[in-house]
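# Analysis of the macromolecular model
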Amino acid sequence: MSGSGWMFLSNHGHVLVALARDPGARMRDVADAVGITERAVQQIVRDLSEQGYLHKEKVGRRNRYAVVRGATFRHELEAGVTLGDFLDLVVPEGRRGTP
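Cut-off values and rules
- For every chain, the first residue of the written sequence is number 1, and numbering continues from 1 along that sequence.
- Given that this is a predicted model, residues contribute local features only at a pLDDT of at least 70 and side-chain atom pairs are listed and counted only at 80 or more, while totals for whole chains, interfaces and linings are drawn from all residues.
- Side-chain calculation: all heavy atoms of the structure are included, whereas hydrogens and water are not.
- Helix numbers and strand numbers start at the N terminus; a helix is a DSSP run of H or I with at least 4 residues, a strand a run of E with at least 2.
- Radius of gyration: over C-alpha atoms. The globule rule applied is 2.2 Å multiplied by the number of residues raised to the 0.38 power.
- Each residue's exposure class comes from its accessible area (1.4 Å probe, protein chains only) as a fraction of the maximum for that residue type: buried when under 20%, exposed when over 50%, partly exposed otherwise.
- Note on areas: Shrake-Rupley with a 1.4 Å probe; residue coverage comes only from the protein chains shown.
- We score Asp and Glu as negative and Lys and Arg as positive, and we do not count His or the chain ends.
- Charged groups are reduced to one reference atom each: NZ for lysine, CZ for arginine, CG for aspartic acid, CD for glutamic acid.
- Counted as salt bridges are all cases of a side-chain nitrogen of Lys or Arg within 4 Å of a carboxyl oxygen of Asp or Glu.
- Pairs of residues are marked as contacts when any of their non-hydrogen atoms sit within 4.5 Å.
- In the analysis that follows, any N or O atom pair within 3.5 Å is treated as a polar contact, provided that within protein one partner can donate a hydrogen and the other can accept it, and provided that, for residues neighboring in sequence, both atoms belong to side chains.
- In this analysis, axes come from line fits to C-alpha atoms, helices being fitted only over the stretch in contact, and the angle between any two N-to-C directions falls in the range 0 to 180 degrees.
- Orientation labels follow simple angle bins: below 35 degrees gives roughly parallel, above 145 gives roughly antiparallel, 65 to 115 gives roughly perpendicular, and whatever is left gives oblique.
- Amino acids are sorted into nonpolar (Ala, Val, Leu, Ile, Met, Phe, Trp, Tyr, Cys and Pro), charged (Asp, Glu, Lys and Arg) and polar (every other residue, Gly among them).

Our focus in this paragraph is the overall build of the protein. On a plain count of helices and strands, the protein comes out with four helices and two strands. Mapped from its N terminus to its C terminus, the protein presents α and β elements in the order α-α-α-β-β-α. Scaling as 2.2 N^0.38, a compact globule of 99 residues should have a C-alpha radius of gyration of about 13 Å, and the protein matches this with 13 Å. Each of the three principal axes of the protein carries a C-alpha extent, and together these read 40 × 30 × 30 Å. Counting only residues that meet the buried cut, the protein has 30% of its 99 residues in that class. Accessible surface, the protein as shown: approximately 6,700 Å² in total, 51% of it carbon and sulfur. Computed over 14 positive and 12 negative side-chain charges, the separation of the two mean positions in the protein equals 8 Å.

Here the idea is simple: oppositely charged side chains can pair when their charged atoms come close. This structure, assessed with the given rule, holds two salt bridges. With a shortest N-O distance of 2.7 Å, D88 and R69 are connected by a salt bridge. Here R69 lies in the loop between β2 (62-67) and α4 (83-90) and D88 lies in helix α4, a separation of 19 residues in the sequence. Using a relative accessible area of 36% as the deciding quantity, one classes D88 as partly exposed.

Before going further, it helps to examine helix α1 (residues 11-21). Along α1, the positions that sit buried rather than exposed are G13, V15, L16, V17, A18, L19 and A20. Residues of α1 that are buried make contact with α2 (27-34), α3 (38-50), β1 (54-59), β2 and α4. For α1, the capping residue at the N-terminal end is S10, with a side-chain oxygen 3.2 Å from the backbone nitrogen of H12.

Further remarks concern the side chain of T82. Take T82: it is sitting in the loop between β2 and α4. Among the polar contacts made by the side chain of T82, one reaches the main-chain amide nitrogen of D85 at a distance of 3.0 Å. Residues contacting T82, with those up to four places away along its chain left out, are R69, G70, A71, T72 and F73.

For the pair α1 and α3, interaxial distance at closest approach is 10 Å and the crossing angle is 85°. Judged by the angle between their axes, α1 and α3 are roughly perpendicular. Between α1, through N11, H12, V15, L16 and L19, and α3, the contact on the second element is made entirely by V41, I44, V45, D47 and L48. Classifying every residue of the contact of α1 with α3 by side-chain character gives seven nonpolar, two polar and one charged.

Quick look at the structure:
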């Protein structure tokens, strides 16, 4: 991170990227990767799920997340960009989890 402290992606974006990389990640691990609390990650995952950006599946005692690649960004400036297009840019193919 630069000295100015700001980043291009919000915590919502970072959580989405973390789950695209590892769909079976524990909330604790996502929190550590993003640098926020586990409770904040849980709220963000709830937000993303409720808005149709993530699907959650229970696998045994764990959850597995699938990004809805066809969903589009919410702001009108990026409205034509799908999550799949975005993730293809920021998550290298070898680092993508399989939903």
